[in-house]
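# Analysis of the macromolecular model
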Amino acid sequence: MEEEPKDVIVLGAIRSGAKKFDKIAAVTKIKPDELNKILEKLEERGLISVNEKKGFFGPKIEITTTEKGSREIDERIHELQEEWGQMVTLYKSGDKKKLKEYMDEKRSFFPTMMYFGIIDMMMFSMMFSMMGIGMSDFFAGDPQGMEYANDGGMDGAGDSDLGDGGFDIDIGF
């Protein structure tokens, strides 16, 4: 399945019970105009169906996954679980370089993995610790690499305005 991560997240939200546009937007935190485009694309591909029902206050639109959509989301979740398993295997092997390269390649999958609860956050943080970087450096950083995160020259780190290098404690005497 070649969908963008947001497409998969929207499809997963619908299958999990978010059947109304507002609910899907709230669950996925996707802006309405972008969500509308994603829903149109999913409908064109036959992954969702849009049904109009009569409600007490007028017509209601209900969005559901089709059988094809359900199969697609199951396949995608299985693929993501395999990707996560590969990262765990690389972590356990202790090969920092291969793990870093693999995580860089699969960076776009992380939001989807997190949404579906595939990532074990403790293991994920241990992977970053092994590589000597922080998660925030990885996600906010250069998609080409994380070399800057390992830069030993932390300009100004640990500097203080105390002059003598000691602590300034006022104990009230």
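Residues numbered from 1 in each chain as written. Predicted model: local features only at pLDDT ≥ 70, side-chain atom pairs only at ≥ 80, totals over all residues. Heavy atoms only, no water.

Looking now at the environment of T112. Positionally, T112 belongs in helix 6 (residues 110-115). Given a relative accessible area of 3%, T112 falls into the buried group. In the structure, T112 is positioned 35 residues away from I77 in sequence and 8.9 Å away in space, judged by C-alpha atoms. For T112, the contacting residues outside a window of four places in its chain are P5, V8, I9 and L80. (Helix = DSSP H or I, 4+ residues; strand = E, 2+ residues; numbered from the N terminus. Buried < 20%, exposed > 50% of the residue type's maximum accessible area, 1.4 Å probe, protein only. Contact = heavy atoms within 4.5 Å.)

Quick look at the pattern of salt bridges now. Enumeration over the complete set of coordinates arrives at eight salt bridges. Of the charged contacts, one joins E62 and K53 as a salt bridge, the two residues approaching to 3.3 Å between their closest N and O atoms. R107 is the salt-bridge partner of D104, the closest N and O atoms lying 3.0 Å from each other. In terms of burial, D104 and R107 fall into one category: buried. Residues participating in the shared-partner salt-bridge network are K100, D104 and R107. (Salt bridge = Lys/Arg side-chain N within 4 Å of Asp/Glu carboxyl O.)

Next up on the list: the packing of helix 4 (residues 67-93) against helix 5 (residues 96-105). Running from N to C, helix 4 and helix 5 point in directions that differ by 160°, and their axes come no closer than 8 Å. The angle between the axes of helix 4 and helix 5 places the two elements in the roughly antiparallel class. Along this stretch, helix 4 crosses helix 5, giving a crossing that reads as left-handed. On the side of helix 4, the interface is formed by E83, Q86, M87, L90 and Y91, while helix 5 contributes K98, L99, Y102 and M103. (Axes fitted to C-alpha atoms, helices over the stretch in contact; angles between N-to-C directions. Parallel < 35°, antiparallel > 145°, perpendicular 65-115°, else oblique. Left-handed = near helix turned anticlockwise from the far one by under 90°.)

Right, let's talk about helix 4 for a bit. Between its terminal C-alpha atoms helix 4 stretches 39 Å, which fits the 39 Å expected from 27 residues at 1.5 Å a residue. Those residues of helix 4 that fall on the buried side of the exposure criterion are G69, E72, I73, R76, I77, L80, E83, W84, M87, V88, L90 and Y91. In the core, the buried residues of helix 4 are packed alongside helix 1 (5-15), helix 5, helix 6 and helix 7 (121-131). Positive backbone phi, approximately 85°, marks G94, located one or two places after helix 4. (Expected span 1.5 Å × (residues − 1).)

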